[in-house]
Amino acid sequence: QVQLVESGGGLVQPGGSLRLSCAASGSISSISDMGWYRQAPGKQRELVAGITNVGGTRYVESVKGRFTISRDNAKNTMYLQMKSLRPEDTAVYYCNVQGRSGWGPFRDYWGQGTQVTVSS
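Now for a look at the structure at hand.

Focus: the packing of aromatic side chains
Summed over the entire model, instances satisfying the criterion amount to one aromatic pair. Here Arg45 stacks its cationic end above the ring of Tyr94, 3.9 Å away from the centre of that ring. Directly above the aromatic system of Trp110 lies the positively charged group of Arg45, at a separation of 4.9 Å from the ring centroid.

Shown next, in the form of structure tokens:
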């Protein structure tokens, strides 16, 4: 089976920083695109940042210049460095990986979610 384990969330003051990590393990053999999504109470889940297999990135407009997505392919790990955090960044953040197990088809895998709370 494939496992995605997220870490790094927590409570931070406005203007502070956090770094989220997402590590894939288990039977996963190849990873293509990866991304971070977030969902606040009463709102739809949205793509925050995405990264391709060769390092191309994209961001939702509200986090441009503040968040940086990266990946370490040797470790099957993805990161989201968040700075200048705002209360509106408060949400559960989910790791998403497009990958395959063995020679199976590519599919989406999801992490368990990690809470980020920005409050004074």
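So much for the structure itself; the text now carries on.
Digging into the environment of Tyr93
Within the secondary structure, Tyr93 is located in strand β9 (residues 91-101). For the pair Tyr93 and Gly65, spaced 28 residues apart in sequence, the C-alpha to C-alpha distance is 18 Å. Aside from chain neighbours lying at most four places away, what touches Tyr93 is Glu6, Leu20, Trp36, Tyr37, Arg38, Val48, Phe67, Leu80, Met82, Gly113, Thr114 and Val116. Within the local environment of Tyr93, its side chain forms a polar contact with the backbone oxygen of Asp89, the two atoms lying 2.7 Å apart.

Section: the nonpolar core
The biggest cluster of nonpolar side chains holds 29 residues, and the ones touching the most others in it are Trp36, Phe67, Met78, Leu80, Met82 and Tyr93. Of all elements in the fold, only β1 (2-7), β3 (18-26), β4 (28-39), β5 (46-51), β7 (67-72), β8 (77-82), β9 and β11 (114-118) reach the threshold of two or more residues within this core.

Quick look at the state of the cysteines
In the structure shown here, the tally under the stated rule is one disulfide. A disulfide bridge connects Cys22 with Cys95, and the sulfur atoms are separated by 1.9 Å. For the disulfide bridge between Cys22 and Cys95, the dihedral angle about the S-S bond is near -75 degrees, and by the sign convention the bridge is left-handed. Of this pair, Cys22 sits in strand β3 while Cys95 sits in strand β9, and the two are 73 residues apart along the sequence. The residues Cys22 and Cys95 share a single accessibility class, namely buried.

Notes on the pairing of strand β10 (residues 107-110)
A regular strand carries its side chains on alternate faces of the sheet. As paired strands, β9 and β10 are joined by four bridges and run antiparallel to one another. From the neighbouring strand, Asn96 faces β10, where its bridge partner is Trp110. Where β9 folds back onto β10 in an antiparallel hairpin, the turn is made up of five residues, including Gly102, whose phi is positive at roughly 60 degrees.

Some details on the side chain of Asn96
Relative to the helices and strands, Asn96 resides in strand β9. A relative accessible area of 7% means that Asn96 is categorised as buried. The residues touching Asn96, leaving out its near neighbours within four places in the chain, are Asp33, Met34, Gly35, Tyr37, Met78, Asp108, Tyr109 and Trp110.

Brief notes about the sheet that holds β3
Strands sit in the order β1-β3-β8-β7 across an open sheet of four strands; the sheet is antiparallel. The two strands at the open ends of the sheet, each matched to only one other strand, are β1 and β7. Neighbour to neighbour, the strand axes of the sheet diverge by 15 degrees on average, direction disregarded. Across six bridges, the pairing between β3 and β8 is antiparallel. Bridge assignment links Arg19 to a residue of β8, and that residue is Gln81.

Here we look at unusual backbone geometry
Although it is not a glycine, Asn76 adopts a positive phi angle of roughly 50 degrees. Relative to the helices and strands, Asn76 is located in the loop between β7 and β8. When its relative accessible area of 26% is taken as the criterion, Asn76 is described as partly exposed. You will see that Ser84, though not glycine, has its phi angle at about 50 degrees, which is positive. Note that Ser84 resides in the loop between β8 and β9.

Calculation criteria
Residues numbered from 1 in each chain as written. Predicted model: local features only at pLDDT ≥ 70, side-chain atom pairs only at ≥ 80, totals over all residues. Heavy atoms only, no water. Phe/Tyr/Trp six-rings, centres within 6.5 Å; stacked < 30°, edge-to-face > 60°. Lys NZ or Arg CZ within 6 Å of the ring centre and 35° of its normal. Helix = DSSP H or I, 4+ residues; strand = E, 2+ residues; numbered from the N terminus. Contact = heavy atoms within 4.5 Å. Polar contact = N/O pair within 3.5 Å; in protein donor to acceptor, adjacent residues only side chain to side chain. Core = buried A, V, L, I, M, F, W, Y, C linked by side-chain atoms within 4.5 Å. Buried < 20%, exposed > 50% of the residue type's maximum accessible area, 1.4 Å probe, protein only. Disulfide = S-S within 2.5 Å. Pairing = 2+ DSSP bridges. Axes fitted to C-alpha atoms, helices over the stretch in contact; angles between N-to-C directions.

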